[in-house]
Amino acid sequence: MIKIDTDGFDSDCIMSMGEELKSPSPILFWENEIDTNEQFEKFMKLDTYLIECAYTNFFVFDNFGNYLCQCTTVQQLFEINKYLYRMTNKKSTRTFYYVDILGCKDYDKEKCSLAIETYLKNI
């Protein structure tokens, strides 16, 4: 598992792993913070790239640690990015500042689901 929290530059860190994400790969946990147009564009590219690398399960938490949902398509991730970007640009009431995303491939889905289930029982 790789945990990244670089205040808006997480997409750069993950993309720097390149082809390593296409083979058996780590579970990723990153902060999806969008404060600028450039960050928005980079996270959109990251989402597309992760899907291309066979990451198919994304568990989303708000910045307070509340579990929100599971995404399984790039379009769902795009919608979350668009929501964050609208709030940054004051086009929507701010409900939270960023999301944390736990991403994995199918072979780690059960492990991640169990971890989230245990987390929800204990908070």
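Overview of the structure. (Residues numbered from 1 in each chain as written. Predicted model: local features only at pLDDT ≥ 70, side-chain atom pairs only at ≥ 80, totals over all residues. Heavy atoms only, no water.)

All right, on to the sheet that holds strand 4 (residues 67–71) then. With respect to topology, 5 strands assemble into an open sheet ordered 1-2-5-3-4, the strand pairing being mixed. Here the strands that pair on one side only, and so sit at the sheet edges, are strand 1 (2–4) and strand 4. On average, adjacent strands in this sheet sit at an angle of 20° to one another, irrespective of strand direction. Bridging between strand 2 (residues 28–32) and strand 5 (residues 99–105) involves 5 bridges; their strand directions are antiparallel. Looking at the pairing, Leu28 lines up with Gly103 of strand 5. Here helix 4 (residues 109–122) sits on the sheet in contact with strand 3 (55–62), strand 4 and strand 5, set at roughly 15° to strand 3. (Pairing = 2+ DSSP bridges. Helix = DSSP H or I, 4+ residues; strand = E, 2+ residues; numbered from the N terminus. Axes fitted to C-alpha atoms, helices over the stretch in contact; angles between N-to-C directions. Contact = heavy atoms within 4.5 Å.)

Relative to the helices and strands, Lys82 is located in helix 3 (residues 74–88). On the accessibility criterion, Lys82 (30% relative accessible area) is partly exposed. Between the alpha carbons of Lys82 and Ile34 there is a distance of 9.3 Å; along the sequence they are 48 residues apart. Setting aside residues no more than four positions away along its own chain, Lys82 makes contact with Phe40, Met44 and Gln75. (Buried < 20%, exposed > 50% of the residue type's maximum accessible area, 1.4 Å probe, protein only.)

Attention shifts here to the nonpolar core. Ile14, Leu21, Leu28, Trp30, Leu50 and Phe58 are the most contacted members of the largest nonpolar core, which totals 26 residues. Counting only elements with at least two residues in this core, the list comes to strand 2, helix 2 (37–52), strand 3, helix 3 and strand 5. Setting aside residues no more than four positions away along its own chain, Ile14 makes contact with Ile4, Leu21, Leu28, Trp30, Leu46 and Leu50. Counting 8 residues, the second-largest nonpolar core is a separate cluster that includes Phe59, Leu102, Cys112 and Ile116. (Core = buried A, V, L, I, M, F, W, Y, C linked by side-chain atoms within 4.5 Å.)

We now examine the pairing of strand 3. For strand 3, a buried count of 7 out of 8 residues is recorded, marking the element as mostly surrounded by other parts of the structure. Of the strand pairs in this sheet, strand 3 and strand 5 are connected by 7 bridges, and their pairing is antiparallel. Looking at strand 5, one finds that Phe59 is bridged to Leu102. Pairing of strand 3 with strand 4 involves 4 bridges; the strand directions are antiparallel. Looking at the pairing, Phe58 lines up with Cys71 of strand 4. Connecting strand 3 to the antiparallel partner strand 4 that follows it, the hairpin turn spans 4 residues, and Gly65 within it adopts a positive phi of roughly 90°.

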